[in-house]
Amino acid sequence: MASLCRRIVTSTARNHVLSTSYRMASKVTMGDPLEHATGLEKRELLAKVAGNDNPFDIKVIKRGPGSKAQPNEIPSAFDARLVGCVCEEESTSINWMWLHKGEPKRCECGHWFNLVHKAPV
């Protein structure tokens, strides 16, 4: 009885090794992620292919002059956006404020910000 079990295990192990080596011999390639993506992920990948590496505008925007005549323009696809201003270069705190469409707002440091419309991704 023990020899019968041993033969079954050996033959099963041999078949497993053969099937594994066969799988390793065939070349498997993954498809292009753009072909498999759907929804928002696909729109993000298409924007990156088109050259827009910041489609959601989440990277830091450097402040410009920030005067009332020339406020810093903050893009948004919505009517309001939360904006953080680091008033001094060495500052460890961020001044947060809500910007609303059509209402320029002044930060505590004196810089002006204005929300401008940007088409959604």
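Residues numbered from 1 in each chain as written. Predicted model: local features only at pLDDT ≥ 70, side-chain atom pairs only at ≥ 80, totals over all residues. Heavy atoms only, no water.

Thoughts on the overall build of the protein
Here comes step 1: Secondary structure summary: the protein contains three helices and five strands in total.
Here comes step 2: Starting at the N terminus and ending at the C terminus, the protein contains elements arranged as α-α-α-β-β-β-β-β.
Here comes step 3: Burial analysis of the protein (121 residues in total) assigns 17% to the buried set.
Here comes step 4: Within the protein, counting contacts between residues at least 6 apart in sequence, those at least 24 apart form 39% of the total.
Here comes step 5: Split by element, the accessible area of the protein, about 9,800 Å² in all, is 58% carbon and sulfur. (Helix = DSSP H or I, 4+ residues; strand = E, 2+ residues; numbered from the N terminus. Buried < 20%, exposed > 50% of the residue type's maximum accessible area, 1.4 Å probe, protein only. Contact = heavy atoms within 4.5 Å. Areas by Shrake-Rupley, 256 points an atom, 1.4 Å probe, with all protein chains shown as cover.)

Focus: the state of the cysteines
Here comes step 1: Counted according to the given criterion, the structure contains zero disulfides.
Here comes step 2: No disulfide involves Cys85; its nearest neighbouring cysteine sulfur is the one of Cys107, lying 3.7 Å away.
Here comes step 3: Accessibility expressed as a relative area gives 2% for Cys85, which makes it buried.
Here comes step 4: Looking at the unpaired Cys109, the closest cysteine sulfur is the one in Cys87, lying at 3.5 Å. (Disulfide = S-S within 2.5 Å.)

Some details on the side chain of Asn114
Here comes step 1: The residue Asn114 is located in strand β5 (residues 112–117) in this model.
Here comes step 2: What makes Asn114 buried here is its relative accessible area of 18%.
Here comes step 3: The contacts of Asn114, once residues within four sequence positions are left out, are Pro71, Asn72, Glu73, Ile74, Leu99, Glu103 and Pro104.

Examining the sheet that holds strand β1 (residues 72–76)
Here comes step 1: Within the open sheet, the three strands sit side by side as β1-β5-β4. Their pairing is mixed. Strands at the two margins of the open sheet, each flanked by one partner only, are β1 and β4 (105–106).
Here comes step 2: When β4 meets β5, the two strands line up antiparallel, connected through two bridges. The partner of Arg106 across the bridge, within β5, is Trp112. (Pairing = 2+ DSSP bridges.)

What to know about the nonpolar core
Here comes step 1: Ile74, Val83, Cys85, Met97, Leu99, Cys107, Phe113 and Leu115 form the largest nonpolar core, which has eight residues in total.
Here comes step 2: Those elements giving two or more residues to this core turn out to be β2 (80–85), β3 (95–100) and β5.
Here comes step 3: Not counting residues up to four positions away in its chain, the partners in contact with Val83 are Ile74, Asn95, Trp96, Met97 and Leu99. (Core = buried A, V, L, I, M, F, W, Y, C linked by side-chain atoms within 4.5 Å.)

Focus: the UniProt feature "binding site: Zn(2+)" (unreviewed entry) in the protein
Here comes step 1: Under the feature "binding site: Zn(2+)" (unreviewed entry), the UniProt entry names Cys85, Cys87, Cys107 and Cys109. The greatest C-alpha distance among the annotated residues, which extend across 25 residues, is 8.7 Å, indicating that they converge on a single site.
Here comes step 2: Within the secondary structure, Cys85 sits in strand β2.
Here comes step 3: Setting aside residues up to four positions removed in sequence, Cys85 forms contacts with Arg63, Ile94, Asn95, Met97, Cys107, Cys109 and Phe113.
Here comes step 4: With respect to the helices and strands, the residue Cys109 is situated in the loop between β4 and β5.
Here comes step 5: Of the residues examined, Cys109 reaches a relative accessible area of 33% and is grouped as partly exposed. (UniProt positions renumbered as here; feature names shortened; annotations may be inferred.)

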